[in-house]
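# Examining the three-dimensional arrangement
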Amino acid sequence: MADTTPNQDFPTILGPDATFKGELSYEKGMRLHGKLEGKVNTPGRLHIAKEAKMQADVDAGAITVEGDVHGNLSANDRIELKQSARYEGDLRSSRLVVDEGAILVGHVTVGPDAVKNRPPTTPAKPALPSAVPQNQPVK
Amino acid sequence: MAQGDINVPPPDDRHVVVCLYCDKPQEVGRKTQSMTCKFCNKSLRLVDMPFKAYEARRSIETCGVVTVEKKGNVVTDRILCGGLVVRGKVKGNILSRGPVMVGPEAEIKGDVTAPALAVGAGAVLDGKYDIRPEIGKGQTT
């Protein structure tokens, strides 16, 4: 049975009947059993359990995947794809551990410099101010 | 001589090989080193290929297992193989019909297509990966 009780390593749990949409940040660790869509940002760990479904871009310290994941993963320390993992997206990490049986489709960049040389993620730019200020008549 | 006297090897001395080019399976003797695919008539190597030093090749093709040892450094356009073990360096695209094992000090630069992948922590990888169990099973008909 999946461990759905909070502990010291994983104080945050998103339960099997929960769905989260949006941007999520936390410090230590999170275990995902439900559905998550959006972005995850953490210096800690993310564990995606077997029954979990995630469609998100993740920037974390360490990521373990056992479930279904779509999106880009980036980890400073390591990414682990367990036997039951189904992953589609681009992966960037210092270390990668893939168990036999895992499904992986996407671009992989792994190595000590992989995370350092990461292309900067550009935040959504505000619309450029137009040459002609609005609400003013054109002369 | 009666027809029944023909020396046919028992079934346990034979194994199934999937053609690297047409994906069709066929039974061959375990000791066979090379053969011609009975479906597409392409020549197939069945031997394992170890690489222990630098080697640059246009392509490496075998139904056996390609092993790149720690001091091995293989530069090639493509590797078509029945399985791959990398402990050294490989630069080139890989299509393996069996599992790809990557050692902790290995380096692979190129696209990898295989039914299974096992990577030791510390390996350096760069490329597009397509790892799905249905790859390399071959056509049944």
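The preceding data block contains the structure.
Residues numbered from 1 in each chain as written. Chains lettered and ligands numbered in written order. Predicted model: local features only at pLDDT ≥ 70, side-chain atom pairs only at ≥ 80, totals over all residues. Heavy atoms only, no water.

Counting its regular elements, chain A contains zero helices and 11 strands. A total of 139 residues make up chain A; the buried ones form 40% of that total. Once local pairs closer than 6 in sequence are excluded, the contacts in chain A between residues at least 24 apart make up 7%. (Helix = DSSP H or I, 4+ residues; strand = E, 2+ residues; numbered from the N terminus. Buried < 20%, exposed > 50% of the residue type's maximum accessible area, 1.4 Å probe, protein only. Contact = heavy atoms within 4.5 Å.)

In this section: the pairing of strand β6 (residues 53-65) of chain A. Residue and element names in this part refer to chain A. Direction of pairing for strand β4 (residues 35-41) relative to β6: parallel, over a ladder of seven bridges. Within β6, the position partnered with K35 by the bridge is K53. With four bridges joining them, strand β5 (residues 45-48) and β6 adopt parallel strand pairing. For I48, the partnering residue across the bridge sits in β6 and is V65. In terms of strand pairing, β6 meets strand β7 (residues 68-70) through three bridges, oriented parallel. When the sheet's bridge partners are listed, M54 is paired in β7 with V69. Sheet analysis places β6 next to strand β8 (residues 73-81), joined by seven bridges and oriented parallel. When the bridges of β8 are listed, A62 appears paired with R78. (Pairing = 2+ DSSP bridges.)

Residue and element names in this part refer to chain A. Within the largest apolar cluster, 54 residues are counted, with the highest numbers of intra-cluster contacts made by M54 and L81. Per element, the largest residue contribution to this core is six residues, and it comes from β6. When sequence neighbours within four positions are dropped, the list of residues in contact with L81 reads V65, Y87, L91, V97, V98, D99, A102 and L104. (Core = buried A, V, L, I, M, F, W, Y, C linked by side-chain atoms within 4.5 Å.)

We now examine the pattern of salt bridges. Side chains that differ in sign of charge can pair as their charged atoms come close. Residues and elements named next belong to chain B. On inspection of all chains with the given rule, the structure shows 13 salt bridges over all chains. One salt bridge connects E27 with R14, and the closest N-O pair in it is separated by 3.3 Å. Separated by 13 residues along the polypeptide, E27 in strand β2 (residues 25-29) and R14 in strand β1 (residues 14-18) bring together distant segments of the chain. Residue R14 is classed as partly exposed on the basis of its relative accessible area of 27%. For D77, the salt bridge goes to R58, with nearest N and O atoms at 3.5 Å. A residue pair is termed long-range when its members are at least 10 positions apart, and D77 in strand β8 (residues 73-81) and R58 in strand β6 (residues 54-61) qualify at 19 residues. (Salt bridge = Lys/Arg side-chain N within 4 Å of Asp/Glu carboxyl O.)

Bringing the interface of chain B and chain A into the picture now. With 20 residues of chain B at the interface, the matching set in chain A holds 19 residues. Interface of chain B and chain A: buried area, both sides summed, is about 1,500 Å²; carbon and sulfur atoms make up 57% of it. Between chain B and chain A we count zero salt bridges in total. Connecting chain B to chain A are five residue pairs in polar contact (both at pLDDT 80 or more). (Buried area = accessible area lost by both parts, 1.4 Å probe. Polar contact = N/O pair within 3.5 Å; in protein donor to acceptor, adjacent residues only side chain to side chain.)

Residue and element names in this part refer to chain A. By secondary structure assignment, the location of H33 is in the loop between β3 (29-32) and β4. Its relative accessible area of 2% is what places H33 among the buried residues. Within the local environment of H33, its side chain forms a polar contact with the side chain of E51, the two groups lying 2.8 Å apart.

Within this structure, the stated rule accounts for zero aromatic pairs over all chains. Directly above the aromatic system of F10 of chain A lies the positively charged group of R31 of chain A, at a separation of 4.5 Å from the ring centroid. (Phe/Tyr/Trp six-rings, centres within 6.5 Å; stacked < 30°, edge-to-face > 60°. Lys NZ or Arg CZ within 6 Å of the ring centre and 35° of its normal.)

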